[in-house]
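Remarks on the overall topology
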Amino acid sequence: MSKIKAIRGMNDILPEKTPVWQFLEKTVRDVLAGYGYREIRTPIVEQTDLFKRSIGEVTDIVEKEMYTFADRNDESLTLRPEGTASCVRACEEHGLLYNQVQRLWYAGPMFRYERPQKGRYRQFHQIGVETFGMSGPDIDAELILLSARLWKQLGIEDVVTLEINTLGSAESRQAFKNDLVAYLTTRKDDLDPDSQRRLTSNPLRILDSKSAQTQLILNEAPNFHDYLDAESTSHFECLKALLNSVGVNFRVNPRLVRGLDYYSKTVFEWVTEALGAQGTVCAGGRYDGLVQQLGGKSTPAVGFAMGVERLILLIESISKLPASLYQQADVYILPLTTTLEVKQKILCVAETLRDETELKVVLGCGDGSLKSHLKKADASGARVALLIGQKELEHDTVQVKFLRETIDQQEISVKDLTDSFLTKF
RNA sequence: GUGGGCGUAGCUCAGUUGGCAGAGCUCCGGAUUGUGAUUCCGGCGGUCGUGGGUUCAAGCCCCAUCGUCCACCCCA
């Protein structure tokens, strides 16, 4: 019988890694709170149609990457591949968008059936930020500023750069897409195979093709700039001015096209060179049409999502986190002799310490040798070990042994313990 | 879905022309009977990913298969 292992592309996050995750999550929560964003939590499973209608029927995500299965009543359910659709659904369902403005965020696992590689997994985690009811470029700028502040707090601001673009209104983009497809269809045989396929699946992506031949053909293609509507253009110009005025550096990338159908006007990406092929660490944009598309009242909206695993990889490659984040214990209490009486005593002393202080107190349990107890005390990262044996039991004292400093071991009474500890630490 | 690299102890990895299955770290014990982190000694630990084939003999060669990593595609 072979051992059961985790599903491909779905990773365990082990105790030695969780401190980085907690650091990231706490930092994100604090920054978002500072901008007045509130958390929303939605189910991981939704009706399949929600994603089909929001992400786009012919995108790769919907066509081949969704974890879709039949519920017991034959309803088609899907593990969420992204968070925006669920967020919009929940807001709409509970009237959160009725004549009001919302600033929201969510965090959690997403699921896409893809071949795993660096920074890409089948269960991965996103932290998403969504705003509703604000149509101007000022909220776009706020979101970008918020993310820039976050990179600073995480210590990765030097390795990410901002790219922005505008996709125009849905109408202008559709008109451009039609003309682009019409033109490229006449040259179809000269396109690289990937681009030929994209002609029906994701034509805007052809602009991004790495084939030199295809790029030559694109030189003759219609130019999206000529299709941009006046409102989108001024929205974009205004956003750029706002970013300049607050000192956020950016690069306009006319080939920046987001993969999901629902975007319009502003799109942006934070990218890095440090993660190999998966350079996008955070991406988002405006999706003014989505709420209506899902059956609600027309509502302007803009948001973005971060790939948590990718951010973790970046943090690990760049910044040294304080050792205290990894420290299991401040104080380690262990028995000098493993009699029942001594075990009772160290249990009581540990509880007293937890009552009286905020210290992390770990107990040396079990019947190992004194040597192995002390080794574990050392490995716990604790600053001091408290040793209690038969003699200490009789005198109601503990031996205080400093593990990281050259300070003589001292015997103090249990009564004095919390007082002297509170002043020492 | 396509292409390439890699699968040997809990972890990191050696293993020569096909000839006894190895090291470091970790863990446990001892040197030091109630004192860790240094040093020394000893010990635990293996379906060499799996299945088949060639051979007197396979961790090593051949075939298949699974896993994993990286890349393409796509995306956060």
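Preceding block: the structure.
Within each chain, residue numbers correspond to sequence positions counted from 1 in written order. To label them, take the chains in the order written and letter them from A, then take the ligands in the order written and number them from 1. Thresholds applied to this predicted model are a pLDDT of at least 70 for local features of residues and 80 or more for the giving and counting of side-chain atom pairs; totals over whole chains, interfaces and linings are not thresholded and use all residues. The side-chain numbers reported here are obtained from all heavy atoms of the structure, hydrogens and water having been left aside.

1. Looking at the packing of helix α1 (residues 18-34) against helix α5 (residues 137-154)
Rules: Axis definition: a line fitted to C-alpha atoms, over the contacting stretch in the case of helices. Angles run 0 to 180 degrees between N-to-C directions. Put simply, DSSP H or I for four residues or longer makes a helix, DSSP E for two residues or longer makes a strand, and each gets a number counted from the N terminus. Roughly parallel means an angle under 35 degrees; roughly antiparallel means over 145; roughly perpendicular covers 65 to 115; every other angle is labelled oblique. Here is the rule for handedness: rotate from the far helix to the near one, and if that takes an anticlockwise turn smaller than a right angle the crossing is left-handed, while a clockwise turn gives right-handed. Contact definition: two residues touch when any of their heavy atoms are within 4.5 Å. As a working rule, the residues Ala, Val, Leu, Ile, Met, Phe, Trp, Tyr, Cys and Pro are called nonpolar, Asp, Glu, Lys and Arg charged, and the rest polar, with Gly in that last group.
Where α1 meets α5, the closest approach of the two axes is 10 Å, and the angle between their N-to-C directions is 140°. Our classification of the angle between α1 and α5 gives oblique. Every pair of crossing elements has a handedness; the one defined by α1 and α5 is right-handed. Within the contact between the two elements, α1 uses Phe23, Leu24, Thr27, Val28, Val31 and Leu32 and α5 uses Leu146, Arg149, Leu150, Gln153 and Leu154. When the residues that make up the contact of α1 with α5 are grouped by side-chain class, the tally is eight nonpolar, two polar and one charged.

2. A look at the protein's contact with RNA strand B
Counted only if it meets this: The rule for a residue being near a molecule or strand is that one of its heavy atoms must lie within 4 Å of it. In protein, a polar contact requires one atom able to donate a hydrogen and another able to accept it; more generally it is a pair of N or O atoms within 3.5 Å, and residues adjacent in sequence count only if both atoms are side-chain atoms.
In the vicinity of RNA strand B, 50 residues are found, and the nearest of them are Arg112, Arg198, Arg258, Leu336 and Leu403. Counting only atoms of RNA strand B within 4 Å of the protein, the fraction found in sugar and phosphate groups is 58%. One of the side-chain nitrogen or oxygen atoms of Glu65 is found 3.5 Å away from a sugar or linking oxygen of RNA strand B. A distance of 2.7 Å is found between a phosphate oxygen of RNA strand B and a backbone nitrogen or oxygen belonging to Lys118. It is helix α13 (residues 370-379) that contributes the most residues to the surface near RNA strand B, seven residues altogether.

3. Topic: α1
We apply this condition: Expected helix span is taken as 1.5 Å per residue step, with the number of steps being one fewer than the number of residues. A simple rule labels every residue: compare its accessible area, found with a 1.4 Å probe on the protein chains alone, to the largest value its type can have, and call it buried under 20%, exposed over 50%, or partly exposed in between.
Relative to the 24 Å expected for 17 residues at 1.5 Å per residue, α1 spans 24 Å between its end C-alpha atoms, a close match to the ideal helical length. Taken residue by residue, α1 has Pro19, Val20, Trp21, Phe23, Leu24, Thr27, Val28, Val31 and Leu32 as its buried positions. In this structure, the buried side of α1 is in contact with β5 (102-111), β6 (123-132), α5, β11 (301-307) and α11 (308-318). Positioned one or two residues after α1, Gly36 has a phi angle of 75°, which is positive.

4. A short note on the nonpolar core
The condition that has to hold: Each nonpolar core is a collection of buried residues, namely Ala, Val, Leu, Ile, Met, Phe, Trp, Tyr and Cys, held together in the definition by side-chain atoms within 4.5 Å.
Within the largest apolar cluster, 43 residues are counted, with the highest numbers of intra-cluster contacts made by Ile144, Trp151, Trp270 and Met306. Here this core gets nine residues from one element, more than from any other, and that element is α5. Residues in contact with Trp151, not counting those within four places in the same chain, are Ile156, Glu157, Val160, Trp270, Val281, Cys282, Met306 and Leu311. Counting residues in hydrophobic clusters, the runner-up holds 31 residues, among them Val88, Tyr106, Leu256 and Ala301.

5. Digging into the sheet that holds β6
Short version of the rule: Pairing between strands is defined by DSSP: at least two bridges between them are needed.
On the basis of which strands lie adjacent, the open sheet formed by eight strands has the order β1-β5-β6-β11-β10-β9-β7-β8 and mixed pairing. The outermost strands of the open sheet, each flanked by one partner alone, are β1 (38-39) and β8 (251-252). Of the strand pairs in this sheet, β6 and β11 are connected by seven bridges, and their pairing is antiparallel. Bridging from a neighbouring strand, Val129 pairs with Phe304 of β11. Running at roughly 45° to β6, helix α4 (residues 84-93) makes contact with β5 and β6 of the sheet.

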